[in-house]
Amino acid sequence: MAHMIDDTTIEYVGILAQLELDQTEKEAAKNDMGRMLDYIDKLNELDTDGVEPMSHVFPVHNVFREDVVENGDDRENILKNAPERKDGAFKVPKTVE
Amino acid sequence: MTAKEILSLTAVQLGKKIKDGEVTSVEAVKAVLDQIKAMEPLLNSFVTIEEEKALEQAEEVQKRIEAGELTGPLAGVPVAVKDNICIDGMKTTCSSKILWDFVPTYTATAVENLKRSGAVILGKTNMDEFAMGSTTETSAYGATRNPWNPDHVPGGSSGGSCAAVAAAECFYALGSDTGGSIRQPASFCGVTGLKPTYGTISRYGLIAYGSSLDQIGPVAKDVTDCAAVLEVLASHDEKDSTSVERKDCDFTEALRDDVKGMRIGIPADYLGEGLDLEVREAVLKAARILEEKGAILETFDLGMVEYAIPAYYVIASAEASSNLSRFDGVKYGYRAKEYDGLHGMYKKSRSQGFGPEVKRRIMLGSFVLSSGYYDAYYLKALKTKALIKKAFDEAFSKYDVILGPASPSTAPKLGESLSDPLKMYLGDIYTISVNLAGLPGLTVPCGKDSKGLPIGVQFIGDCFKEKNIIRAGFAFEQNRSYEMPQMAADAMAGKEEK
């Protein structure tokens, strides 16, 4: 494998991805990601100098509307699927002392 | 009409019979619910079945048809919806543990459009978790099996929708297609599937995977049904900023058995190494049928084919890593039972809630977007996408339709694909570039291999040229009749005897 993913990289990716992997998952992830990146390196065969990156196939532009309130109080619907709620808000672990 | 007669109808045929008073929507729903009961222990096409709601809807729709309020071709016809499309009050899991109890409080625009035309919703179909996979084996709620042979996969990610249509568990279904997720399982299950031009059907209420690639589309028994359903689904929606305002949405107008002078290009790069010989034969035979009907066939070099898969996995994974960051155990879905602090809760909830394939893609996506790698991977892939689009633009300056296989092989056996993800990804080679270029694609059954598994032919059109592929598919389809898997026919025969 040309791409050797080390423990530091996989730890870093874990932080970015907000995922916690056990030792077995980590080893598998190192191997999988290395193989995928080797494969993706195929793109380096292409000369893309001067090519504009295409994020959307059609020209996309911001869709604006008048700044007028159209929706009513949707609090109950928004909270309906919350794993935990309190006083009409989402409940999360304490973050500020 | 007997249950078997009802279940053998296409969606448009059933709609007409309901309108003519030969059968009621309630009778159709009852027939299909019985078929679901017979097939589900073998297939697992559905995650959620809403029996009572479906019967209630059917009664209400039937009244409105009789009152002359609903006159469309699909009024009263039962439909199944892929489990990544939100419906108010109906559990929507994306076949993931992280959304195990999620009940949306709003309905996707595509489903609103169906309801307005009098559709009766039966429930939600199984899929690869978050639409990531090609076999429907990554579902947290068990794999779906192929009705042609339950030892084989139905394909994916819309495997539940395609298996359900093939097994007559519904008359048509909604799927979604990010890299082939409608066209490949339709091919594996012997049904017809259409992915429209990007922006044709609103993505509002479709749980996002790769937003720049995702499109909802119909799965049905034939091209006529797909065109009729697409006509209902297509709409401009201000809730989806990528929605395109189209003026040419009378897709059923293209249902004409006439391909005289149609220029059809077959990419030589789609017939080469890796393609199963039986698939190759069946697809070329389909092309010859169209040639006999007056189409002009030509083989050409499309180019860029081998770069589509690596570019896709960079772009789709990058978008997925961003889209799926919303699942953190705060607003909806699964929250870990034990954790340490807020960030611990995020991490534990996500790690326990997502399956291995989803984690793999989130991690790859996070990596290619990370500082130091963004230019080398993400921007490189977006530039490759521009070159792929250019290759198609050149092809469509010469041809009306591109014809090729939907997949290099027929459906693999269960358990054969997941052990080697990279190999599984390579199976998307003929479908993936269509999403990158935003094009419409249609797969139609064109034969079976020596194991009795269906083969599909894919028609690709230029942007906004659905009518060309509908016309080619419809003309081809006139030469063969719809075939139902033996398993589904047996289940109906069993009912006749009772």
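Analysis parameters
Residues numbered from 1 in each chain as written. Chains lettered and ligands numbered in written order. Predicted model: local features only at pLDDT ≥ 70, side-chain atom pairs only at ≥ 80, totals over all residues. Helix = DSSP H or I, 4+ residues; strand = E, 2+ residues; numbered from the N terminus. Rg over C-alpha atoms; globule rule 2.2 N^0.38 Å. Buried ≥ 20, exposed ≤ 12 C-beta atoms within 10 Å, placed from the backbone. Contact = placed C-beta atoms within 7 Å. Nonpolar A, V, L, I, M, F, W, Y, C, P; charged D, E, K, R; others polar. Expected span 1.5 Å × (residues − 1). Pairing = 2+ DSSP bridges. Right-handed = clockwise from strand over helix to strand, strands pointing away. pLDDT = per-residue confidence, 0-100. Axes fitted to C-alpha atoms, helices over the stretch in contact; angles between N-to-C directions. Parallel < 35°, antiparallel > 145°, perpendicular 65-115°, else oblique. Left-handed = near helix turned anticlockwise from the far one by under 90°. Core = buried A, V, L, I, M, F, W, Y, C linked by C-beta atoms within 7 Å. UniProt positions renumbered as here; feature names shortened; annotations may be inferred.

### Examining the overall build of chain B
Here is step 1: Within chain B one finds 17 helices and eleven strands.
Here is step 2: Computed over C-alpha atoms, the radius of gyration of chain B comes to 21 Å, within 12% of the 23 Å expected from 2.2 N^0.38 for 498 residues, which places it in the range of a compact globule.
Here is step 3: Each principal axis of the C-alpha atoms in chain B carries an extent, and together these give about 65 × 60 × 45 Å.
Here is step 4: Counting only residues that meet the buried cut, chain B has 62% of its 498 residues in that class.
Here is step 5: Restricting the contact set of chain B to residue pairs at least 6 apart, pairs at least 24 apart contribute 76%.

### Considering the interface of chain A and chain B
Here is step 1: The interface of chain A with chain B comprises 37 residues on the first partner and 55 residues on the second.
Here is step 2: Taken together, the elements giving at least two residues each to the side of chain A that touches chain B come down to helix H1 (7-17) and helix H2 (23-40) of chain A.
Here is step 3: Broken down by element, the side of chain A that touches chain B gets its largest block of residues, seven residues, from H2(A).
Here is step 4: In the side of chain A that touches chain B, the residues fall into 23 nonpolar, seven polar and seven charged.

### Let's talk about helix H16 (residues 466-477) of chain B
All names here are of chain B.
Here is step 1: Compared with the 16 Å implied by 1.5 Å per residue over twelve residues, the 16 Å span of H16 between its first and last C-alpha is a close match.
Here is step 2: Where burial is concerned, most of H16 is hidden: twelve out of the twelve residues are buried.
Here is step 3: Listing the buried residues of H16 in full gives Glu 466, Lys 467, Asn 468, Ile 469, Ile 470, Arg 471, Ala 472, Gly 473, Phe 474, Ala 475, Phe 476 and Glu 477.
Here is step 4: Where the residues of H16 are buried, they touch helix H8 (223-233), strand E7 (263-267), helix H9 (277-292), strand E9 (401-405), strand E10 (441-448) and strand E11 (454-461).

### Comments concerning the pairing of strand E2 (residues 78-82) of chain B
All names here are of chain B.
Here is step 1: Of all five residues that make up E2, five are buried, and the element is covered over most of its length.
Here is step 2: Across five bridges, E2 lies against strand E3 (residues 120-125) in parallel orientation. By the bridge assignment, Ala 80 is partnered in E3 with Gly 123.
Here is step 3: Each parallel crossover has a hand, and the one from E2 via helix H5 (residues 109-116) to E3 is right-handed.
Here is step 4: Looking at chain direction, E2 and strand E4 (residues 172-177) are connected through three bridges and run parallel. Bridged to Val 79 within E4 is Tyr 172.

### Points about the confidence of the model for chain B
Here is step 1: Residues at a pLDDT of 70 or more form 99% of chain B, whose mean pLDDT is 96.
Here is step 2: This prediction of the complex comes with two scores: 0.97 for pTM and 0.95 for ipTM.

### Points about the sheet that holds E9(B)
Residues and elements named next belong to chain B.
Here is step 1: Across the sheet, eleven strands lie side by side as E1-E3-E2-E4-E6-E5-E10-E11-E9-E7-E8; this open sheet has mixed pairing. Each edge of the open sheet carries a strand with a single partner, namely strand E1 (46-49) and strand E8 (296-300). Averaged over all neighbouring strand pairs, the angle between strand axes comes to 30°, with direction disregarded.
Here is step 2: Where H8 meets the sheet, it contacts E4, strand E5 (192-195), strand E6 (215-220) and E10, and its direction lies at approximately 145° from that of E6.

### What about the environment of B:Tyr172?
Here is step 1: Its location among the elements puts B:Tyr172 in strand E4.
Here is step 2: With 162 residues separating them along the chain, B:Tyr172 and B:Thr10 place their C-alpha atoms 8.1 Å apart.

### Details of the packing of helix H3 (residues 25-43) of chain B against helix H4 (residues 51-66) of chain B
All names here are of chain B.
Here is step 1: Closest axis-to-axis distance for the H3/H4 pair is 8 Å, and the angle between their directions is 160°. When the axis of H3 is compared with that of H4, the two are roughly antiparallel. Note on packing geometry: the crossing formed by H3 with H4 is right-handed. Facing H3, whose interface residues are Ser 25, Val 26, Val 29 and Leu 33, H4 presents Glu 51, Ala 54, Leu 55, Ala 58, Glu 59, Val 61 and Gln 62.
Here is step 2: Its residues assigned to classes, the contact of H3 with H4 shows seven nonpolar, two polar and two charged.

### Details of the nonpolar core
Residues and elements named next belong to chain B.
Here is step 1: If you look at the biggest cluster of nonpolar residues, it comprises 176 residues, and the most contacted ones within it are Val 79 and Ala 308.
Here is step 2: Per element, the largest residue contribution to this core is twelve residues, and it comes from helix H10 (residues 305-323).
Here is step 3: Leaving out residues up to four positions away in the same chain, Val 79 has contacts with Leu 114, Ala 119, Val 120, Ile 121, Leu 122, Cys 170, Phe 171, Tyr 172, Ala 173 and Leu 174.

### Comments concerning the UniProt feature "active site" (unreviewed entry) in chain B
Residues and elements named next belong to chain B.
Here is step 1: UniProt records the feature "active site" (unreviewed entry) at Lys 82, Ser 157 and Ser 181, using the numbering of this structure. Across 100 residues in sequence, these annotated residues keep their C-alpha atoms within 11.1 Å of one another, forming a single compact spot.
Here is step 2: Along the chain, the position of Ser 157 falls in the loop between E3 and helix H6 (159-166).
Here is step 3: Setting aside its immediate chain neighbours within four residues, Ser 157 contacts Met 127, Asp 128, Ala 131, Met 132, Gly 133, Thr 136 and Ser 181.
Here is step 4: Looking at the secondary structure, you find Ser 181 in the loop between E4 and helix H7 (183-189).
Here is step 5: Not counting chain neighbours up to four residues away, the residues in contact with Ser 181 comprise Ala 131, Gly 156, Ser 157, Ser 158, Gly 175 and Ser 176.

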